[in-house]
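Coordinates in review
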Amino acid sequence: MSASHLSFVLGGARSGKSRHAESIITAYPAPWSYIATAQALDGEMQERIAEHRARRDDGWETLDVPFELAGALSSVETGRPVLIDCLTLWLTNVMLADRDVEAEIRGLAEVLASPRGPWVVVANEVGLGIVPDNALARAFRDHAGRLNQTVAAAADSVILTVAGLPMRVK
Ligand SMILES: Nc1nc2c(ncn2[C@@H]2O[C@H](COP(=O)(O)OP(=O)(O)OP(=O)(O)O)[C@@H](O)[C@H]2O)c(=O)[nH]1
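The text that follows walks through the structure, step by step, so that each part is easy to find. (Residues numbered from 1 in each chain as written. Predicted model: local features only at pLDDT ≥ 70, side-chain atom pairs only at ≥ 80, totals over all residues. Heavy atoms only, no water.)

Here the focus is the environment of Thr 88. In this fold, Thr 88 is placed in helix H4 (residues 87-96). Residue classification places Thr 88 among the buried positions, given a relative accessible area of 7%. For the pair Thr 88 and Thr 37, spaced 51 residues apart in the sequence, the C-alpha separation amounts to 8.8 Å. (Helix = DSSP H or I, 4+ residues; strand = E, 2+ residues; numbered from the N terminus. Buried < 20%, exposed > 50% of the residue type's maximum accessible area, 1.4 Å probe, protein only.)

This is the structure in structure tokens:
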């Protein structure tokens, strides 16, 4: 595999994007860092998180980062492979906390543009369905689309996972 500064893995729910992203990272020698943006706010999320934790072995160090992604990435040791799962939940956290979404995306984009890595970022492709009938969902869909374009522009490889299959789109 060629050395990559930034890979971006996109897909729908349960499309296999996390598993594919993990396989990119574990092709590098351990230790690897896993930056989790999910917050275990209810039993269902706790179960999903437990499933993920169970399949990560001792080579992984997990950091819980619901908000300060740019800061967390900047402070990771140079050369350490990092997986960020997932950007769309980070966006949800930022919007629900009433933070300045544009400013947060700019801050993240600056760090992602730095010539570091290997980093793999996971996100949901959310905009394919009908126009949501409430304003918050429409704003979320639009921010998610712009965020994905920003990260894809900075990435040297972009992969779309469909039904568990990775398709290279950049
Ligand atoms: N807080 C926390 N979250 C975690 C941890 N491990 C995984 N997660 C979160 O679990 C979420 C993914 O959950 P899933 O429901 O399996 O994802 P999915 O999008 O439906 O499925 P795939 O497309 O197959 O990856 C990510 O947003 C991670 O942040 C952890 O150790 N701590």
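That shown, we press on.
Now for the site of the ligand. In the vicinity of the ligand there are 20 residues, among which Lys 17, Ser 18, Arg 48, His 52 and Asp 85 approach most closely. One of the side-chain N or O atoms of Arg 53 is found 3.0 Å from an oxygen atom in the ligand. In the environment of the ligand, an oxygen atom lies 2.4 Å from a nitrogen or oxygen atom belonging to the backbone of Asp 85. Against a free-state accessible area of 670 Å², the protein chains account for coverage of 91% of the ligand. Residue assignment for the shell around the ligand shows that the elements contributing at least two residues are helix H1 (17-26), strand E2 (32-36), helix H2 (43-55) and strand E3 (60-64). The element that contributes the greatest number of residues to the shell around the ligand is H2, accounting for 4 residues. Grouping the constituent residues of the shell around the ligand by class yields 6 nonpolar, 7 polar and 7 charged. (Near = heavy atom within 4 Å. Polar contact = N/O pair within 3.5 Å; in protein donor to acceptor, adjacent residues only side chain to side chain. Areas by Shrake-Rupley, 256 points an atom, 1.4 Å probe, with all protein chains shown as cover. Nonpolar A, V, L, I, M, F, W, Y, C, P; charged D, E, K, R; others polar.)

The next subject is the sheet that holds strand E6 (residues 157-162). Pairing between the strands of a sheet is mediated by backbone hydrogen bonds and can be parallel or antiparallel. Spatial ordering of the open sheet is given by E3-E2-E4-E5-E1-E6-E7, a layout of 7 strands whose pairing is mixed. Because the sheet does not close on itself, it has two edges, and the strands there are E3 and strand E7 (165-168). The mean inter-strand angle of the sheet, taken between neighbouring strand axes irrespective of direction, is 20°. Its contacts with the sheet put helix H6 (residues 135-154) on strand E1 (6-11), strand E5 (119-124) and E6, and the angle it makes with E1 is roughly 145°. (Pairing = 2+ DSSP bridges. Axes fitted to C-alpha atoms, helices over the stretch in contact; angles between N-to-C directions. Contact = heavy atoms within 4.5 Å.)

Ranked by size, the top nonpolar core spans 30 residues in total, and within it Phe 8, Leu 73 and Leu 87 carry the most contacts. Elements represented by at least two residues in this core include exactly E1, helix H3 (69-75), strand E4 (82-85), H4, helix H5 (101-112), E5 and H6. Non-local contacts of Leu 87, meaning those with residues more than four positions away in its chain, are made with Phe 8, Leu 69, Leu 108, Val 121, Val 122, Ala 123, Leu 147 and Val 151. In terms of nonpolar packing, the next biggest core, distinct from the first, is built from 14 residues, Val 9, Ile 25, Trp 32 and Ile 159 among them. (Core = buried A, V, L, I, M, F, W, Y, C linked by side-chain atoms within 4.5 Å.)

This brings us to H1. Among all positions of H1, only Lys 17, Ser 18, Ala 21, Glu 22, Ile 24 and Ile 25 are buried. Projected down its long axis, H1 shows its buried positions confined to an angular sector of 155°, all on one face. (Arc of directions from axis to C-beta.)

Taken N-terminus to C-terminus, the directions of H4 and H5 make an angle of 140°; their axes are 10 Å apart at the nearest point. Overall, the two elements H4 and H5 adopt an arrangement that is oblique. Of the two possible hands of crossing, H4 and H5 adopt the one that is right-handed. Two secondary-structure elements touch here, H4 through Leu 87, Trp 90, Leu 91, Val 94 and Met 95 and H5 through Val 101, Glu 104, Ile 105 and Leu 108. A breakdown of the residues in the contact of H4 with H5 according to their chemical character gives 8 nonpolar, no polar and 1 charged. (Parallel < 35°, antiparallel > 145°, perpendicular 65-115°, else oblique. Left-handed = near helix turned anticlockwise from the far one by under 90°.)

Another aspect to go through is H5. Think of an α-helix as 3.6 residues a turn; residues three or four steps apart then line up on the same face. With 12 residues, H5 should reach 16 Å at 1.5 Å per residue; the first-to-last C-alpha distance of 16 Å fits that figure. What H5 keeps buried is the set Val 101, Ile 105, Leu 108, Val 111 and Leu 112. Looking down the long axis of H5, one finds its buried residues gathered within 125° of arc, a one-sided arrangement. Exposed residues pointing more than 90 degrees away from the buried face of H5 are listed as Arg 106 and Glu 110. The inward-facing, buried residues of H5 abut E1, H3, H4, E5 and H6. Two to three positions downstream of the cap, the backbone nitrogen of Glu 102 sits 3.2 Å from a side-chain oxygen, assigning the N-cap of H5 to Asp 100. (Expected span 1.5 Å × (residues − 1).)

It is worth stressing that arrangement in space is one thing and function is another; only the former is reported here.
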